[in-house]
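Geometric and topological summary
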Amino acid sequence: MKLVTFTIVLVLSIVSPSNGATGSCGQKKAIAQEFVAHGYRALAGSWPWHGAMFVRMQRASSYECGVTVLTEQFVITAAHCTFDQSERQRLPASRVFIKLGVTNLDATEKHAQQHNVDRIIRHEGYDEITFEDDVALMKLYTEITYSTHVQPICLWPGDRSLNKIVNQIGYIAGWGYDENYGLPKDLNEATMPIVSRKDCLDSDSDHYSKLLHAGKTFCAGYGNGTLAGPGDSGGGLFLRVGTHWVLRGIVSNGKTDPNTLKIISSSYLVLMDAAYYIDWIQSHVTIATTIDIDAEPVETPAASSSSGDQANLLGISQCGKDKYPLGTPEELKRSLNQYPWLAVIEFVNYNTRSLEDVCHGVLIHPSFLITAAHCVQPRRLSSIQSVRLNDYRLDTVNDIFEIDGKTLKTTAERVPVKGVSVHPDYNNPKFANNIALIKMGRATSMIPICLPTKGTAVPSNKLLSIIGWKKHARPEKHLIRNVVQKANFDTCERKYAEASIRLDSSGGQICSTYNHFDDDVNCSHYMGAAPFQYVRNGPLEGRYFLAAVSSFGHSDCRREEYSDVFTNVAHYSDWIRDKVKQNE
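Residues numbered from 1 in each chain as written. Predicted model: local features only at pLDDT ≥ 70, side-chain atom pairs only at ≥ 80, totals over all residues. Heavy atoms only, no water.

**Regarding the sheet that holds strand 20 (residues 368-371)**
- The strand order around the closed barrel formed by six strands is 18-19-20-25-24-21, and the pairing between neighbours is antiparallel. The sheet shows a mean angle of 45° between the axes of neighbouring strands, taken without regard to direction.
- Taken together, the four bridges between strand 20 and strand 25 (residues 436-440) define a ladder with antiparallel strand orientation. Paired with Phe368 across the bridge in strand 25 is Lys439. (Pairing = 2+ DSSP bridges. Helix = DSSP H or I, 4+ residues; strand = E, 2+ residues; numbered from the N terminus. Axes fitted to C-alpha atoms, helices over the stretch in contact; angles between N-to-C directions.)

**Comments concerning the environment of Leu187**
- Mapped onto the fold, Leu187 is located in the loop between strand 12 (169-174) and strand 13 (188-195).
- Expressed as a C-alpha distance, the spacing of Leu187 and Asn104, which sit 83 residues apart in the sequence, is 6.3 Å.

**Quick notes on the nonpolar core**
- Met53, Leu70, Ile98, Leu137 and Met138 are the most contacted members of the largest nonpolar core, which has 70 residues in total.
- If you tally residues by element for this core, the top one is strand 16 (residues 244-253), at five residues.
- Residues within four places of Met53 in sequence aside, it is in contact with Ser62, Tyr63, Glu64, Cys65, Val67, Cys81, Thr82, Leu91, Val96, Phe97, Ile98 and Met138.
- Cys359, Leu363, Leu451 and Trp575 belong to the second-largest nonpolar core, a separate cluster that totals 49 residues. (Core = buried A, V, L, I, M, F, W, Y, C linked by side-chain atoms within 4.5 Å. Buried < 20%, exposed > 50% of the residue type's maximum accessible area, 1.4 Å probe, protein only. Contact = heavy atoms within 4.5 Å.)

**Examining the sheet that holds strand 6 (residues 74-77)**
- On the basis of which strands lie adjacent, the closed barrel formed by six strands has the order 4-5-6-11-10-9 and antiparallel pairing. For this sheet, the mean angle separating the axes of adjacent strands, direction not counted, is 45°.
- Judged from the two bridges that link them, strand 5 (residues 61-69) and strand 6 form a sheet pairing that is antiparallel. For Thr68, the partnering residue across the bridge sits in strand 6 and is Ile76.

**Side note on the packing of aromatic side chains**
- Taken as a whole and assessed by the stated rule, the structure comprises 21 aromatic pairs.
- Taken together, a centroid distance of 5.6 Å and an interplanar angle of 85° make the contact between Tyr339 and Tyr544 edge-to-face. Of the two residues, Tyr339 sits in the loop between helix 3 (278-284) and strand 18 (342-349) while Tyr544 sits in strand 32 (residues 542-554), which places them 205 residues apart along the sequence.
- Assessed through its relative accessible area of 2%, Tyr339 is described here as buried.
- For the pair Tyr514 and Phe566, a centre-to-centre distance of 6.3 Å together with 70° between the ring planes defines the contact as edge-to-face. Residue Tyr514 is located in strand 29 (residues 509-514), and its partner Phe566 is located in strand 33 (residues 564-568); the two are separated by 52 residues in the primary sequence.
- Tyr514 sits in the buried class, given a relative accessible area of 0%.
- Every member of this aromatic cluster is reached through a ring pair, and the members are Trp47, Trp49, Tyr171, Phe238 and Trp245. (Phe/Tyr/Trp six-rings, centres within 6.5 Å; stacked < 30°, edge-to-face > 60°.)

**Quick look at helix 5 (residues 573-583)**
- When helix 5 is considered as a whole, its buried residues turn out to be Ser573, Trp575, Ile576 and Val580. In a view along the axis of helix 5, the buried residues occupy a sector of 165°, so they form one face of it. Set apart from the buried face of helix 5 by more than 90 degrees, the exposed residues are Lys581 and Gln582.
- Elements that come into contact with the buried residues of helix 5 comprise strand 19 (355-365), strand 20, strand 24 (413-422) and strand 25. (Arc of directions from axis to C-beta.)

**Points about helix 4 (residues 489-498)**
- Phe489, Cys492 and Tyr496 are the residues of helix 4 that are buried. Looking down the long axis of helix 4, one finds its buried residues gathered within 65° of arc, a one-sided arrangement. Seen from the open side of helix 4, the exposed residues pointing more than 90 degrees away from its buried face are Arg494 and Glu498.
- For helix 4, the N-terminal cap is Asn488; the gap from its side-chain oxygen to the backbone nitrogen of Asp490 is 3.1 Å.
- A positive backbone phi angle near 65° is found at Ser500, which sits one or two residues after helix 4. (Polar contact = N/O pair within 3.5 Å; in protein donor to acceptor, adjacent residues only side chain to side chain.)

**Considerations on the state of the cysteines**
- In the structure shown here, the tally under the stated rule is seven disulfides.
- Here Cys200 engages in a disulfide with Cys219; their sulfurs sit 2.0 Å apart. Disulfide Cys200 to Cys219: torsion about the S-S bond roughly -65°, handedness left-handed. Of the two residues, Cys200 sits in helix 1 (residues 197-203) while Cys219 sits in strand 14 (residues 217-220), which places them 19 residues apart along the sequence. Pair check on accessibility: Cys200 and Cys219 agree, each one buried.
- The residue that forms a disulfide with Cys359 is Cys375, at a sulfur-sulfur distance of 2.0 Å. One end of the pair, Cys359, is in strand 19; the other, Cys375, is in the loop between strand 20 and strand 21 (382-389), and 16 residues separate them in sequence.
- Classification of Cys359 as buried rests on a relative accessible area of 0%.
- Residue classification places Cys375 among the buried residues on the basis of a relative accessible area of 0%. (Disulfide = S-S within 2.5 Å.)

**Some thoughts on the side chain of His374**
- Along the polypeptide, His374 turns up in the loop between strand 20 and strand 21.
- Here Asn434 takes part through its side chain, which lies 2.7 Å from a polar atom of the side chain of His374.

**Quick look at the pairing of strand 20**
- Judged by which residues are buried, strand 20 turns out to be covered on both faces: Phe368 and Ile370 on one side and Leu369 and Thr371 on the other are all buried.
- Bridging between strand 19 and strand 20 involves three bridges; their strand directions are antiparallel. For Val362, the partnering residue across the bridge sits in strand 20 and is Ile370.
- Connecting the antiparallel pair strand 19 and strand 20 is a turn made up of two residues.

**Quick notes on the pattern of salt bridges**
- All told, the structure shown has 21 salt bridges when counted by the stated rule.
- In this structure, the salt-bridge partner of Arg95 is Asp84, at a minimum N-O distance of 3.4 Å. You can see Arg95 sitting in the loop between strand 8 (89-90) and strand 9 (96-100) and its partner Asp84 sitting in strand 7 (residues 83-84), a full 11 residues away along the chain.
- On the basis of relative accessibility, which here comes to 24%, the residue Arg95 falls in the partly exposed class.
- One salt bridge in this structure joins Lys321 and Glu541, with 3.8 Å as the shortest N-O distance. Here the residue Lys321 occupies a position in the loop between helix 3 and strand 18, and Glu541 occupies one in the loop between strand 31 (531-537) and strand 32, the gap between them amounting to 220 residues.
- Using a relative accessible area of 27% as the deciding quantity, one classes Lys321 as partly exposed.
- Glu541 sits in the partly exposed class, given a relative accessible area of 23%.
- Among the charged side chains, a network of salt bridges with common partners joins Glu346, Asp357, Arg388, Asp391 and Arg414. (Salt bridge = Lys/Arg side-chain N within 4 Å of Asp/Glu carboxyl O.)

Purely geometric numbers; function is a separate question.
Given below as structure tokens:
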């Protein structure tokens with residue numbers, strides 16, 4: 001077995017266990033997003049429970065609606081999607097098939113799955129005129145295989161009252177027609193606030209009074225041009241509940257212009273309340289994909305933790321500030337200028353005198369960074385020279401982007417290295433205590449990340465993400481972000497013991513996994529000491545905390561049986577604090 005450290009760390013593709021396990025629903029296995037007009041372009045794996053429904057024609061097939069994965073054999077959609085709209089006849093199951101794990105309707109994607117439909121179960125109360133009970137289940141011929149790109153959604157937990165979710169921000173995804181009535185090939189997504197029944201009716205009483213059915217439906221939308229369109233029907237509206245994503249709405253209908261038949265973008269969208277139909281769903285499907293959460297499950301600022309939970313090791317008042325509103329999912333944040341504490345460690349080549357990007361560093365103090373000890377070891381033809389903070393693309397000098405009509409750019413900063421402190425017990429036993437501090441030649445104005453205080457465990461109830469740059473041969477080297485999932489340490493320890501590698505069971509090391517594929521076929525690794533982090537919410541804002549930095553893993557990124565090994569930062573809090581104070 002070959003291990004990789006420093007410049008390459010193992011990244012694993014995550015495949016969920018059988019969904020009979022509680023809590024395995026509604027969790028993303030990959031984080032990667034880019035912004036587009038009126039919403040976002042959703043990249044592979046960003047909405048793994050969202051799928052596409054196709055209808056077979058005489059010589060071809062056409063995309064019809066969105067669906068949401070409930071179990072290995074059932075998906076849910078809108079009942080009107082299961083009708084042939086031209087002939088107003090019920091579609092037979094034999095004419096329908098489902099694609100999952102797909103982001104581009106024209107492309108052949110390795111992670112996509114196709115399933116024929118065995119049976120269509122339409123709600124017995126469905127009305128084609130008023131869209132009442134516009135819900136349908138589809139049972140598939142073959143079982144879905146859960147993967148990084150295909151996962152089930154969770155059903156709504158607890159109180160199902162609609163007034164509990166008014167003003168909450170939901171998320172929809174789909175291939176619906178755009179403002180020019182063109183069908184996009186790439187999956188798109190958008191945020192959408194849930195509005196009260198009164199506001200919806202007040203906007204157009206004549207229209208919405210026919211479509212809003214007490215307790216069964218609700219409205220959502222901004223009225224600003226961001227709205228689902230034809231083709232988005234049947235897809236879900238998703239809310240974050242703790243660390244899970246939950247199905248709350250099913251896209252049913254919108255308000256159209258009678259002359260052009262286009263969706264009126266200033267109107268509201270009508271959705272079936274999926275929570276109302278849970279009993280009906282469970283009468284046809286055995287659902288294990290539920291979560292047990294107390295009342296008030298939706299993340300809101302009012303439910304945030306106290307400021308005491310934001311205590312940080314070095315007492316830096318401005319550390320780790322999140323620029324986004326409380327509760328914003330990590331995958332919907334721009335990574336550009338979002339993580340100013342992330343740095344690249346630069347070595348100077350003795351022969352060429354050029355700088356080489358070697359490893360990650362994480363700013364924890366205006367003058368100090370954390371990295372892995374193996375990242376700063378002397379090399380035969382080069383030595384550590386400087387660090388570069390708040391970069392985005394390593395292959396460019398200036399990162400300038402046009403996003404939503406605004407010009408955005410990075411403010412990268414290069415600072416010389418003054419000294420290095422390696423943990424005295426590094427590599428004893430082998431690969432253990434893999435942590436070091438870098439002292440910069442001058443203080444920076446970049447915001448450092450917060451450090452957890454002594455004894456703080458890496459949280460299991462928060463979304464953890466790894467950020468940094470991967471070691472691949474592509475010309476573009478932009479910042480990448482992935483979900484990190486903690487692995488069972490005992491299992492990880494036993495596996496490495498088979499390769500004669502003894503892990504530190506005292507708490508200095510933790511094991512984790514994350515998605516290592518850059519696309520359908522290419523597997524690559526993060527540079528060494530890639531940080532993974534999490535957000536703690538206070539009463540007014542969120543703060544990022546550093547959980548760990550990557551240490552080593554298997555050289556073959558496809559060896560899923562080996563988890564990554566990370567250095568647990570909180571375990572070394574005394575050493576970090578003492579070194580910083582001695583050398584400030």
